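Descriptive analysis of the structure
As a plain string of letters, each chain reads:
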Amino acid sequence: MNRAARAFWLDRPGEGRIRDVDLPAPAGDEVLVRSLFSGVSRGTETLVFRGGVPESQHAAMRAPFQEGDFPAPVKYGYLNVGVVEEGPERLAGRAVFCLYPHQTRYVVPADAVTVVPDTVPAGRAVLAGTVETAVNALWDAAPLIGDRIAVVGGGMVGSSVAALLARFPGVSVQLVDADPARAKIARALGVDFALPADAEGGRDLVVHASATEQGLARSLELLAAEGTVIELSWYGDRKVSLPLGEAFHSRRLVIRSSQVGTVSPRRAGRSYADRLALALDLLADPALDALVTGESAFDELPDLMPKLASGELPALCHRIRYEDAE
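Since we're looking at a predicted model, the values are computed, not measured.

Conventions used here
- Residues numbered from 1 in each chain as written.
- Predicted model: local features only at pLDDT ≥ 70, side-chain atom pairs only at ≥ 80, totals over all residues.
- Heavy atoms only, no water.
- Axes fitted to C-alpha atoms, helices over the stretch in contact; angles between N-to-C directions.
- Helix = DSSP H or I, 4+ residues; strand = E, 2+ residues; numbered from the N terminus.
- Parallel < 35°, antiparallel > 145°, perpendicular 65-115°, else oblique.
- Left-handed = near helix turned anticlockwise from the far one by under 90°.
- Contact = heavy atoms within 4.5 Å.
- Nonpolar A, V, L, I, M, F, W, Y, C, P; charged D, E, K, R; others polar.
- Salt bridge = Lys/Arg side-chain N within 4 Å of Asp/Glu carboxyl O.
- Buried < 20%, exposed > 50% of the residue type's maximum accessible area, 1.4 Å probe, protein only.
- Pairing = 2+ DSSP bridges.
- 1 Å grid on protein atoms, 1.4 Å probe; cavity = no way out; pocket = protein on both sides within 12 Å on 5 of 7 lines; lining within 4 Å.
- Points joined across faces, edges and corners; volume = space filled by probe spheres on them.

Comments concerning the packing of helix H3 (residues 128-141) against helix H7 (residues 272-282)
Put simply, H3 and H7 touch, their axes get as near as 8 Å, and they point 110° apart. Our classification of the angle between H3 and H7 gives roughly perpendicular. The way H3 lies across H7 gives a crossing that is right-handed. Of H7, the residues touching H3 (which contributes Ala 128, Val 131, Glu 132, Val 135, Asn 136 and Trp 139) are Tyr 272, Arg 275, Leu 276, Leu 278, Ala 279, Leu 280 and Leu 282. Residues belonging to the contact of H3 with H7 are distributed by class as follows: 10 nonpolar, 1 polar and 2 charged.

Listed below in structure tokens is the structure:
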């Protein structure tokens, strides 16, 4: 069995390369996975690529199978789909999702992989980590039937939240983003779209995912009295100012954070595995294909990542394929 592998490493902020890796033989409770696809999110991963993780958050920001330390050199990533080449009989030959970096083959404990349902194509399953974030956000938000909701920020996480909210009965959902090109994504997901200046107010709930100070301020403006903003953005090393004077107190507004590193306390009986399995089940919906906005070969990653990090190449989830990577 071929146990040679290649992995993408960030050598220094803004510069990465592909390194050769020698894999160990898997133990009885481990699996050897051959990557089919991985995903690059323009949010967290490009922040890492730019070297923007604050020193105070180095431990909290570690990915499950990260090697190296921030800012660099580091092997980072968490959206991988592959096929089990060696391992327990129940997993052999199955497509699986794993929170693993960009690497052609890897060995992990068997309980670190989740089987991809037969109803979900492997190429779409790279979205599982982001849909898992959206699931946790909606557990925190607890939307009610008939709610008027805005999602501010039409990136990968915000669009995933909007896609799930589109399934709620009687809910009015508007995706708000400064990029008019995101209107096409909103249509594909079955929700309304608005530029920030045109967004409808009186919202019972706003989910903020733009990672901008302006977006969070606009989220507060869109709320009805006693409404809540669920804050999904992570700002790295940037300072954020908020207009907490004016009508913030008289309207009794709420800002509550949501973070995928902890299962929502509103679902205390659910495990991380339960949440990820649910996210994969939800990916049976082909509408979510709209979140994959480009695809490149694994060998292109050193040239691709600077373009994604700078915004030269617009993307939500950019998919990496491995068919010719060996």
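So, next bit.
Focus: the pattern of salt bridges
Working definition: two side chains of opposite charge can pair if their charged atoms are close together. Counted under the stated rule, the structure contains 19 salt bridges. The salt bridge involving Arg 62 is made with Asp 69; its shortest N-O contact spans 2.9 Å. With relative accessibility at 36%, the residue Arg 62 sits in the partly exposed group. Exposure remark for Asp 69: the relative accessible area of 51% places this residue in the exposed category. One salt bridge connects Asp 177 with Arg 182, and the closest N-O pair in it is separated by 3.4 Å. Look at Asp 177 and you get buried, because its relative accessible area is 11%. Where salt bridges share partners, they join Glu 295, Arg 319, Arg 321 and Glu 323 into one cluster.

Re the sheet that holds strand S13 (residues 203-208)
Taken together, 6 strands build an open sheet; the order of strands is S12-S11-S10-S13-S14-S15 and the sheet is parallel. Every other strand in the sheet has two partners, leaving strand S12 (192-194) and strand S15 (254-257) as the edge strands with one partner each. For this sheet the average axis-to-axis angle between neighbouring strands, irrespective of direction, equals 25°. In the sheet, strand S10 (residues 148-152) pairs with S13 via 4 bridges, with the strands oriented parallel.

Digging into empty space enclosed by the protein
Applying the stated criterion to the full structure yields 1 cavity of 30 Å³ or more. Computed from the structure, the largest cavity encloses a volume of approximately 70 Å³. In this structure, the largest cavity is lined by Phe 8, Leu 10, Glu 45, Val 48, Phe 49, Val 74, Tyr 76 and Met 305. Listing elements by their share of the lining of the largest cavity, those giving two or more residues are strand S1 (4-12) and helix H1 (44-49). Tallying contributions element by element places H1 first for the lining of the largest cavity, with 3 residues. Tallied by class, the residues present in the lining of the largest cavity amount to 7 nonpolar, no polar and 1 charged.

Function cannot be read off these values alone, since they describe shape.
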